[in-house]
Amino acid sequence: MSAPVDATSTAAWAKLTELKNGLVPDLRGWFAANPDRAQAFTFDAADLHVDLSKNLIDDEVLAALIALAEEVKLTERRDAMFAGERINVTEDRAVLHTALRDPDNVAVDLDGTNVVAEVHKVLEKVYDFADRVRSGEWKGVTGKRIETIVNIGIGGSDLGPVMVYEALQPYVQDGLSARFISNIDPTDVATKTADLDPETTLVIVASKTFTTLETLTNARLARSWLLSGLKASGAIDDSGEAEAIAKHFVAVSTALDKVAAFGIDPQNAFGFWDWVGGRYSVDSAIGTALVVAIGRDNFADFLAGFHAIDEHFASTPLGENVPALMGLLNVWYRNFFGAATHAVLPYAQLLHRFPAYLQQLTMESNGKSVRWDGTPVTTDTGEVFWGEPGTNGQHAFYQLIHQGTQLIPADFIAVANPAYGLTDGDADVHELFLANFFAQTAALAFGKTADEVREEGTAEAIVPARVFSGNRPTTSIMAPALTPSVFGQLIALYEHITFTEGIVWGIDSFDQWGVELGKQLALKVTPAVGGDEAALAEQDASTQELIRYYRTQRG
Ligand code: F6P
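Note that this is a predicted model, so its numbers are computed, not measured. (Residues numbered from 1 in each chain as written. Predicted model: local features only at pLDDT ≥ 70, side-chain atom pairs only at ≥ 80, totals over all residues.)

### Let's talk about the sheet that holds strand β7 (residues 201–206)
Alright, step 1. Within the open sheet, the five strands sit side by side as β6-β5-β7-β8-β9. Their pairing is parallel. Edge positions in the open sheet fall to β6 (177–181) and β9 (269–271), since each of these has one partner strand only. Put simply, the sheet's adjacent strands are angled 20 degrees from each other on average, direction ignored.
Alright, step 2. Sheet topology places strand β5 (residues 148–152) next to β7; five bridges connect them, and they run parallel. Directly across from Ile152, in β7, lies its bridge partner Val205. (Pairing = 2+ DSSP bridges. Helix = DSSP H or I, 4+ residues; strand = E, 2+ residues; numbered from the N terminus. Axes fitted to C-alpha atoms, helices over the stretch in contact; angles between N-to-C directions.)

Now the structure itself:
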């Protein structure tokens, strides 16, 4: 890929700096002066209705942000990604997660292969497997139907599947459930298998590389648990091990040779490709647990949702391109206001794992200090993404967002129709819930002046503590309901927001070298933890002391 443009030396950056220096945030005044402000800054992308009007922007700022996108060649880079160019420079890979959700009549060529056709071949295999599990045709070694899927993976091979499984609970087939084991803390395997029946459990080992220590260790633990359980109940003896593994273990990976070496029949393995990043893989075969849980039609809707936003991102002019605008707004706050964090606050309990998923998507992608040509970045990069569902967050950390000393841009997400509609007397509980969604963004934007506080009869000494400055920026994202399609749309929205920010900063948003050092050191430290004095002596003084403490405390 051609060298990144240094965003900070563009004319648009200079303009944005000037605009920021002259900006006196005044959302009250801006809304009063322009009755069309809400409409002017609200955009639709597929089923997502996105209101940017409570951000600290005006037409001039937006125009300068769009000019910045043009100067850093956002649309060219975007087109290069969709076309399969090797934009993951440090790993020399194409970045084609968008091909995972292309309909089968689309062709994307990579080195002479139409990858979309490959995608659909694997999808069919996954769908067929899922159909057999869901119908009961696929049976465990003792002839019982599968009731529980255990997905073993970590990072992108866990966070996506678990998040979507939680979010699409209403779509999960009765009689089937899924569990997700990720942590190498043995507690994870122990507690999640404790009440399971091996005869009705199917394990999916999900690992792009099939080398990840946590996943392979947990897969071996699960294999021991399964085989010993089946033997203890007399279901199998030693001669039945291979059949039991074949009926109770499947794998998802790009490294099918390693799957076979682990002892899983490649017939029972679903592949994907190195051009799908782990954190962009929930819509690949990594979603196999989901396909089993929600079925092929719902998964197809989920993919169609991603695709709808891909099309929007690929073809909508920047001035109405929601992922591009949201990414540019994030740059505005990160680089011109110094905002170090960004909150994502879903008003949908089913989205309770969405912020955790976004942490990997955004922070593994954009937590970089060098650009894709190896030169240092010229400005701050990746924000810390975090969040919890409203209204729980309101009773925990919103205080700081409302009255703290730092600016925390926040995305509020809500759907009009709840998955579970309940009433409390005459009250529609979803409406009580959404009243909070609407109220919070208004409170953050418009605040409460000292005079308004006084009018409530507040004692003068307490007035300052009860003033809300307002001008705390939020974006509101609404959709009709949390369907598989809408959820696919939401995920794709954040993928492309992340991409947009990465292009402005000139970084490779698709590598993750920053996780390597800790992994390497853990391998070196392991013998020391186990009592090898020579290995211990090689550690730094602090690590030696900590390991000695551990060894004296360990029973
Ligand atoms: O944390 C690093 C990482 O490589 C992630 O990018 C990835 O999602 C995760 O580990 C799991 O990797 P794998 O799917 O290869 O087991």
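### Some thoughts on the sheet that holds strand β15 (residues 474–481)
Alright, step 1. Spatially, the six strands line up as an open sheet ordered β1-β2-β15-β12-β10-β11, and their pairing is mixed. In the strand order of this sheet, the two ends are held by β1 (42–45) and β11 (384–386), each with one partner. Strand after strand, the sheet turns through a mean of 20 degrees between neighbouring axes, direction not considered.
Alright, step 2. Here five bridges tie strand β10 (residues 341–347) to strand β12 (residues 410–417), and the two strands are oriented parallel to one another. Within the sheet, the bridge partner assigned to Val344 lies in β12 and is Asp411.
Alright, step 3. Each of β10 and β11 is contacted by helix α15 (residues 354–366), which is oriented at about 165 degrees to β11, the strand it contacts most. (Contact = placed C-beta atoms within 7 Å.)

### Notes on the UniProt feature "active site" (unreviewed entry) in the protein
Alright, step 1. UniProt records the feature "active site" (unreviewed entry) for Glu364, His395 and Lys519 in the present numbering. Across 156 residues of sequence, these annotated residues are also dispersed in space, with a maximum C-alpha separation of 36.9 Å.
Alright, step 2. Residue placement: His395 occurs in the loop between β11 and α16 (398–403).
Alright, step 3. Among the secondary structure elements, Lys519 is positioned in helix α21 (residues 516–529).
Alright, step 4. Residue classification places Lys519 among the exposed residues on the basis of 12 C-beta atoms within 10 Å. (UniProt positions renumbered as here; feature names shortened; annotations may be inferred. Buried ≥ 20, exposed ≤ 12 C-beta atoms within 10 Å, placed from the backbone.)

### Brief notes about the packing of α15 against helix α20 (residues 484–505)
Alright, step 1. The N-to-C vectors of α15 and α20 enclose an angle of 15 degrees; their axes lie 10 Å apart at closest approach. Accordingly, the angle class assigned to the pair α15 and α20 is roughly parallel. Here α15 runs over α20; the crossing is right-handed. Counting all contacts with α15, which are made through Leu358, Leu361, Thr362, Ser365 and Asn366, the residues of α20 involved are Tyr494, Glu495, Thr498, Glu501, Gly502 and Trp505. (Parallel < 35°, antiparallel > 145°, perpendicular 65-115°, else oblique. Left-handed = near helix turned anticlockwise from the far one by under 90°.)

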